[in-house]
Amino acid sequence: GRGIAVFTSGGDSQGMNAAVRAVVRFGIYLGAKVYFIKEGYQGMVDGGENIVEATWSSVSGNLHKGGTIIGSARCKDFRVREGRLKAARNLINRGITNLVVIGGDGSLTGANLFRHEWSSLVDELAEKGVVTAEAKSKYSNLYIVGMVGSIDNDFCGTDMTIGTDSALHRIIESIDAIAATAYSHQRTFIMEVMGRHCGFLALAASLASEADYVFIPEWLPEADWPSRMCKKLSSEREAGQRINIIIVSEGAVDRDGNTITSEMVKDVVVKNLHQDARITVLGHVQRGGGPSAFDRVLACRMGAEAVLALMEAEAETEPCVVSLDGNQVIRLPLMECVKRTQAVSKAMSEQNWDVAVQLRGRSFAR
Ligand code: F6P
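Rules used throughout
Residues numbered from 1 in each chain as written. Predicted model: local features only at pLDDT ≥ 70, side-chain atom pairs only at ≥ 80, totals over all residues. Heavy atoms only, no water. Helix = DSSP H or I, 4+ residues; strand = E, 2+ residues; numbered from the N terminus. Expected span 1.5 Å × (residues − 1). Buried < 20%, exposed > 50% of the residue type's maximum accessible area, 1.4 Å probe, protein only. Near = heavy atom within 4 Å. Polar contact = N/O pair within 3.5 Å; in protein donor to acceptor, adjacent residues only side chain to side chain. Nonpolar A, V, L, I, M, F, W, Y, C, P; charged D, E, K, R; others polar. Patch = residues over 30% accessible without salt bridge, like charges linked within 9 Å, V, L, I, M, F, W, Y side chains within 5 Å. Areas by Shrake-Rupley, 256 points an atom, 1.4 Å probe, with all protein chains shown as cover. Salt bridge = Lys/Arg side-chain N within 4 Å of Asp/Glu carboxyl O. Contact = heavy atoms within 4.5 Å. Core = buried A, V, L, I, M, F, W, Y, C linked by side-chain atoms within 4.5 Å. Axes fitted to C-alpha atoms, helices over the stretch in contact; angles between N-to-C directions. Left-handed = near helix turned anticlockwise from the far one by under 90°. pLDDT = per-residue confidence, 0-100. Pairing = 2+ DSSP bridges. UniProt positions renumbered as here; feature names shortened; annotations may be inferred.

### Regarding helix H6 (residues 164–185)
Now for step 1: Compared with the 32 Å implied by 1.5 Å per residue over 22 residues, the 32 Å span of H6 between its first and last C-alpha is a close match.
Now for step 2: Listed in full, the buried residues belonging to H6 are Thr164, Asp165, Ser166, Ala167, Leu168, Arg170, Ile171, Ile172, Ser174, Ile175, Ile178 and Ala182.
Now for step 3: In the stretch just after H6, glutamine 186 is the one whose phi turns positive, near 50 degrees.

### Examining the site of the ligand
Now for step 1: Surveying the vicinity of the ligand reveals the residues Arg74, Ile151, Asp152, Met194, Gly195, Arg196, Glu250, His284 and Arg287.
Now for step 2: Within the backbone of glycine 195, an N or O atom sits 3.1 Å from an oxygen atom of the ligand.
Now for step 3: In the model, an oxygen atom of the ligand is placed 3.0 Å from a nitrogen or oxygen of the arginine 196 side chain.
Now for step 4: Counted by class, the shell around the ligand contains two nonpolar, two polar and five charged residues.

### Considering a nonpolar patch on the surface
Now for step 1: Where nonpolar side chains cluster on the molecular surface, the patch consists of Tyr29, Leu30 and Trp56 and spans about 360 Å² of accessible area.
Now for step 2: When you line up the elements, tryptophan 56 lands in the loop between strand S3 (51–53) and helix H3 (81–93).

### Topic: the side chain of serine 9
Now for step 1: One can find serine 9 in the loop between strand S1 (3–8) and helix H1 (16–29).
Now for step 2: Under the relative-accessibility criterion, serine 9 is labelled buried at 4%.
Now for step 3: Discounting residues that sit within four places of it in the chain, serine 9 has contacts with Met16, Tyr41, Ser72, Ile102, Gly103, Gly104 and Ser107.

### Describing the pattern of salt bridges
Now for step 1: Under the defined criterion, the tally for this structure stands at 17 salt bridges.
Now for step 2: The shortest N-O distance in the salt bridge between glutamate 117 and arginine 81 comes to 3.5 Å. Here the residue glutamate 117 occupies a position in helix H4 (residues 105–127), and arginine 81 occupies one in helix H3, the gap between them amounting to 36 residues.
Now for step 3: Among the residues examined, glutamate 117 registers a relative accessible area of 15% and is labelled buried.
Now for step 4: According to the relative accessible area criterion, arginine 81 is partly exposed, its value standing at 31%.
Now for step 5: For aspartate 276, the salt bridge goes to arginine 187, with nearest N and O atoms at 2.9 Å. With aspartate 276 in the loop between helix H9 (262–273) and strand S10 (277–281) and arginine 187 in the loop between H6 and strand S7 (188–193), this pair connects stretches of sequence that are 89 residues apart.
Now for step 6: A residue is classified by how much of its surface remains accessible, and aspartate 276, at 33% relative accessible area, is partly exposed.
Now for step 7: Within this structure, Arg81, Arg84, Glu117, Glu124 and Lys128 form a network of salt bridges that share partners.

### Some words on the nonpolar core
Now for step 1: By size, the foremost hydrophobic cluster in this structure holds 39 residues, and its most contacted members are Met44, Leu91, Leu99 and Phe114.
Now for step 2: In terms of nonpolar packing, the next biggest core, distinct from the first, is built from 33 residues, Ala32, Ile102, Leu310 and Ala313 among them.

### Focus: the packing of helix H8 (residues 225–238) against H9
Now for step 1: Where H8 contacts H9, the axes come no closer than 10 Å and their chain directions differ by 65 degrees. In the crossing of H8 with H9, the sense of the turn from one axis to the other is right-handed. Residues Trp225, Pro226, Met229, Cys230, Leu233 and Ser234 of H8 touch H9, and the partners they reach there are Met264, Val265, Val268, Val269, Asn272 and Leu273.

### With respect to the confidence of the model for the chain
Now for step 1: For the chain, per-residue confidence averages 95 on the pLDDT scale, and 98% of positions sit at 70 or higher.
Now for step 2: Reported confidence for the predicted complex is 0.98 by ipTM and 0.95 by pTM.

### Brief notes about the sheet that holds S7
Sheets are built from strands that pair by backbone hydrogen bonding, the pairs being arranged parallel or antiparallel.
Now for step 1: With parallel pairing, the four strands of this open sheet are ordered in space as S8-S9-S7-S10. Both outer strands of the open sheet, strand S8 (213–215) and S10, are each paired with one neighbouring strand and no more. When the angles between neighbouring strand axes are averaged without regard to direction, this sheet yields 15 degrees.
Now for step 2: Pairing geometry for S7 and strand S9 (residues 244–249), over six bridges, is parallel. Among the inter-strand pairings, glutamate 192 is bridged to a residue of S9, identified as valine 248.
Now for step 3: The strands touched by H8 within the sheet are S7, S8 and S9, with S8 carrying the most contacts at an inclination of about 150 degrees.
Now for step 4: Across the face of the sheet, H9 comes into contact with S7, S8, S9 and S10 while running at roughly 165 degrees to S10.

### Examining unusual backbone geometry
Now for step 1: The backbone of asparagine 153 sits at a positive phi, close to 55 degrees, despite the residue not being glycine.
Now for step 2: Within the secondary structure, asparagine 153 sits in the loop between strand S5 (143–150) and strand S6 (162–163).

### Brief notes about the UniProt feature "active site" (unreviewed entry) in the chain
Now for step 1: Those residues carrying the UniProt feature "active site" (unreviewed entry) are Asp152 in this numbering.
Now for step 2: The topology assignment puts aspartate 152 in the loop between S5 and S6.
Now for step 3: Sequence-distant contacts of aspartate 152, defined by excluding residues within four places in its chain, comprise Thr164, Gly195, Arg196, Cys198 and Phe200.

Next comes the structure, spelled out in structure tokens:
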């Protein structure tokens, strides 16, 4: 059978364990040898105990746990050829020529570069006598497939990334909790949520929590946003509402590209409306805790599809990323998705919001 290794890379997200479990179980079911690579690319470079064969039972009881049990790390060594050469040797020694990478666009790009470089790495290892001529011909191709684990939902090509739904649940739970105490004291709460340069979490949370105002990176507030916001908040109070909830995405900016901070928003509320206002920065609570049912199921489906994609891959097959489109789990060209995701980041940094939103929203499949 084919040697498949699965690893998680970059920031963790809820549902990564469920994805790893699905890869292990479906791989074993289809007759492959499956390995864990612990600590992401660092474990691949370091080898040894970091690359271990997975068994059916080694992934028991993990599906409901948050984080990534096999660890994740940012890795400098993998950025240089010497590190990648070590990684290639560690994989070939174990008969691994298939990689399932669960991470963000940076991690997927790294895997794709590794794949392009693979044959030259194998040649070099053979020249140095580190691998045999037989191994050189047997392991001449590297196959990769990606899955996106991120709470930000910032990857082009998939409707949802693994972890987004769980983070949203956590945000909503927190807002509900805050709303209860806010109600007692007739307070206004400014809730700061994660998402990096993507406003998905903030926007979805604001809809699901009846928030009064939301700031997201993709939608620049009008220059006179302080007075507009105050008008809206006071009209809600006049209508009998005891609280106000404002959600600020951590990446929100104003028309000059300056970050709209929670402090700024609070100051506007206090100065103009003399309301009792508090800030809650949700932080890593959003990334912690167990995965939602949606993320568990999504990760199971994506993990199985990832293994199938590897089983069917031929030398000339373009690597894919497993995505959700509508309610279908599909395969899309990995680098096209990565490139579009990077184009969105570029457009955002150049304050080209319309281009960014258009690029992000466009479907690949339809
Ligand atoms: O990408 C996930 C994310 O949680 C972002 O929402 C946030 O901006 C960032 O990672 C935080 O990074 P770190 O965990 O390194 O502090």
